[in-house]
Amino acid sequence: MSRVYNFSAGPAVLPEEVLKEAAAEMLDYRGTGMSVMEMSHRSRAFEEIITTAEQDIRDLMQIPDNYRVLFLQGGASQQFAMIPMNLMKNRVADYIITGQWAKKAAKEAEKYGKVNRIASSEDKTFSYIPDCSDLPVSEDADYVYICENNTIYGTKFKTLPDTKGKTLVADVSSCFLSEPVDVTKYGLIYGGVQKNIGPAGVVIVIIRDDLITEDVLPGTPTMLTYKTHADAKSLYNTPPAYGIYICGKVFKWIKAQGGLSSMKEKNEKKAKVLYDYLDQSSLFKGTVVPKDRSLMNVPFVTGDADLDAKFVKEAGEAGLVNLKGHRTVGGMRASIYNAMSYEGVTALVEFMKKFEEENL
Ligand SMILES: *Cc1c(COP(=O)(O)O)cnc(C)c1O
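Small disclaimer: the values here were computed from a predicted structure and weren't measured.

Student: Quick rundown of the state of the cysteines? Include the residues and the values.
Tutor: Tallied over the full model, the rule gives zero disulfides. With no disulfide of its own, C132 has C147 as its nearest cysteine by sulfur position, at a separation of 13 Å. For C132, a relative accessible area of 8% corresponds to the buried category.

Student: Break down the pairing of strand 10 (residues 203-208) for me, citing the residues and quoting the values.
Tutor: Where burial is concerned, most of strand 10 is hidden: six out of the six residues are buried. Burial along strand 10 is two-sided: V203, V205 and I207 and I204, I206 and R208, pointing in opposite directions, are all buried. The pairing of strand 2 (residues 67-72) with strand 10 spans six bridges and is antiparallel. Looking at strand 10, one finds that R68 is bridged to I207. Bridge analysis of strand 9 (residues 188-192) against strand 10 gives five bridges, and the strand direction is antiparallel. Its bridge partner being in strand 10, G191 is matched across the sheet by I204.

Student: Break down the packing of aromatic side chains for me, citing the residues and quoting the values.
Tutor: Following the criterion strictly, the structure yields 13 aromatic pairs and no others. On the basis of an interplanar angle of 85 degrees and a centroid distance of 5.8 Å, the ring pair of F284 and F300 is categorised as edge-to-face. Pair noted here: F284 is in the loop between helix 7 (259-280) and strand 11 (285-286) and F300 is in strand 12 (residues 297-301), with a separation of 16 residues, a long-range link. Looking at F300, the relative accessible area reads 0%, which means it is buried. Three or more aromatic residues link up through ring pairs in this structure, and these residues are Y277, F284, F300, F311, F351 and F355. The aromatic ring of Y342 is capped on one face by K269, whose charged end is 4.2 Å from the ring centroid.

Student: Outline the pattern of salt bridges, listing residues and values.
Tutor: For the structure shown, the criterion picks out 26 salt bridges. Between D182 and K185 there is a salt bridge; the shortest N-O distance is 3.8 Å. Using a relative accessible area of 52% as the deciding quantity, one classes K185 as exposed. A single network of salt bridges, built from pairs that share partners, joins E21, E25, R30 and K249.

Student: Provide a residue-level description of unusual backbone geometry, including the pertinent values.
Tutor: Geometrically, the link from G10 to P11 is a cis peptide bond, its omega value of -10 degrees lying close to zero. Within the fold, P11 resides in the loop between strand 1 (5-6) and helix 1 (16-24). Residues other than glycine seldom take positive phi values, yet S234 does so here, at roughly 65 degrees. Structurally, the position occupied by S234 is in the loop between helix 5 (226-231) and helix 6 (241-256). Even without being glycine, N322 reaches a positive phi, approximately 65 degrees. Among the residues examined, N322 registers a relative accessible area of 46% and is labelled partly exposed.

Student: A description of the environment of S40 should follow, citing residues and the corresponding values.
Tutor: As for its placement among the helices and strands, S40 is situated in the loop between helix 1 and helix 2 (44-61). Owing to a relative accessible area of 38%, S40 belongs among the partly exposed residues under this scheme. As a C-alpha pair, S40 and A241 span 201 residues in sequence and 8.9 Å in three-dimensional space. Engagement of the side chain of S40 in a polar contact is seen with the backbone nitrogen of R42, the distance being 2.8 Å.

Student: Outline the site of the ligand, listing residues and values.
Tutor: Around the ligand, the neighbouring residues are G75, A76, S77, W101, C147, N149, T151, D171, S173, Q194 and K195. Within the side chain of T151, an N or O atom sits 2.5 Å from an oxygen atom of the ligand. One of the side-chain nitrogen or oxygen atoms of Q194 is found 2.9 Å away from an oxygen atom of the ligand. When atom positions are compared with the pocket grids, the ligand is found to occupy the second largest pocket. Looking at which element gives the most residues to the shell around the ligand, the answer is helix 3 (residues 75-87), with three residues. Taken together, the residues that form the shell around the ligand break down as three nonpolar, six polar and two charged.

Procedures and definitions
Residues numbered from 1 in each chain as written. Predicted model: local features only at pLDDT ≥ 70, side-chain atom pairs only at ≥ 80, totals over all residues. Heavy atoms only, no water. Disulfide = S-S within 2.5 Å. Buried < 20%, exposed > 50% of the residue type's maximum accessible area, 1.4 Å probe, protein only. Helix = DSSP H or I, 4+ residues; strand = E, 2+ residues; numbered from the N terminus. Pairing = 2+ DSSP bridges. Phe/Tyr/Trp six-rings, centres within 6.5 Å; stacked < 30°, edge-to-face > 60°. Lys NZ or Arg CZ within 6 Å of the ring centre and 35° of its normal. Salt bridge = Lys/Arg side-chain N within 4 Å of Asp/Glu carboxyl O. Polar contact = N/O pair within 3.5 Å; in protein donor to acceptor, adjacent residues only side chain to side chain. Near = heavy atom within 4 Å. 1 Å grid on protein atoms, 1.4 Å probe; cavity = no way out; pocket = protein on both sides within 12 Å on 5 of 7 lines; lining within 4 Å. Sits in = over half its atoms within 2 Å of the grid points. Nonpolar A, V, L, I, M, F, W, Y, C, P; charged D, E, K, R; others polar.

Laid out in structure tokens, this is it:
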């Protein structure tokens, strides 16, 4: 068996310890004589898995008691509709457009009400985060929406926008559990887990109690009503049980790493190695305004599409895989999520140095 350094933006690398533990429990989960995949979601064993997972993410993010944690399906993209269906009481919402995911979310919300795009960085290919200190927030906006870490472009909100008292909703798919977070600043935080937490198929929603109501838009399906899942503790129907089990193991792994402040320290150390190298390289260059750089997704280019392709190919042959940039951006992108080791990032930088010497 040989493992590669996987820089995929998602589904992405998971901690090896977690995969090994899951492998060891595959045929017989702790004396139950069955795999978690084969288990009733109403069984005592699964009940303990989901309750423990919820408690662990609560501990990690210090989630206050007036917020609920929901383990749902449909990926992050399902939330693009679920959010307006549940939250758009006035049928007005403000969106900050910092990339493809925010754009898609805004477009979906438009099916349900008026969407005001109150800031955007599209003028410079989303290479920065717009100034959000004094936005024209709509008086009747039900919420202000951001994509906190832009997976494709490699930007991150370092300070949250001033929403002028309106509820903040954030897609944190690609920065989930990568650093400490003040949950009280948000009304709703959500993310697909396949970037930084677990296998695709689970989306975690952290939502303040007062936003969970029966007063949703007419025609909202039962399955797309937050209250359905909050009342049933994420067990209204069969949840993505195996995925939740793996998420739970990743929560334990992060706890063992020292929690979110320690995660942040490690992530900063990893990102610094790569950004420092990019900043002095004569061949490669980062594409993002330095102050808005993501710790998780690092896009870079040589400026020559053929050379980019050659780099991606040769890196792959050297065991550094999935470095091709998103199809809308080109170039390269290294996603260096929680589970990517420091060794993985230094191996990448060493390879880049060698490539630069050979190709400059
Ligand atoms: C990957 C990603 C999505 C889409 O996730 P799906 O689970 O595939 O729907 C949405 N937002 C962000 C920020 C992402 O990185």
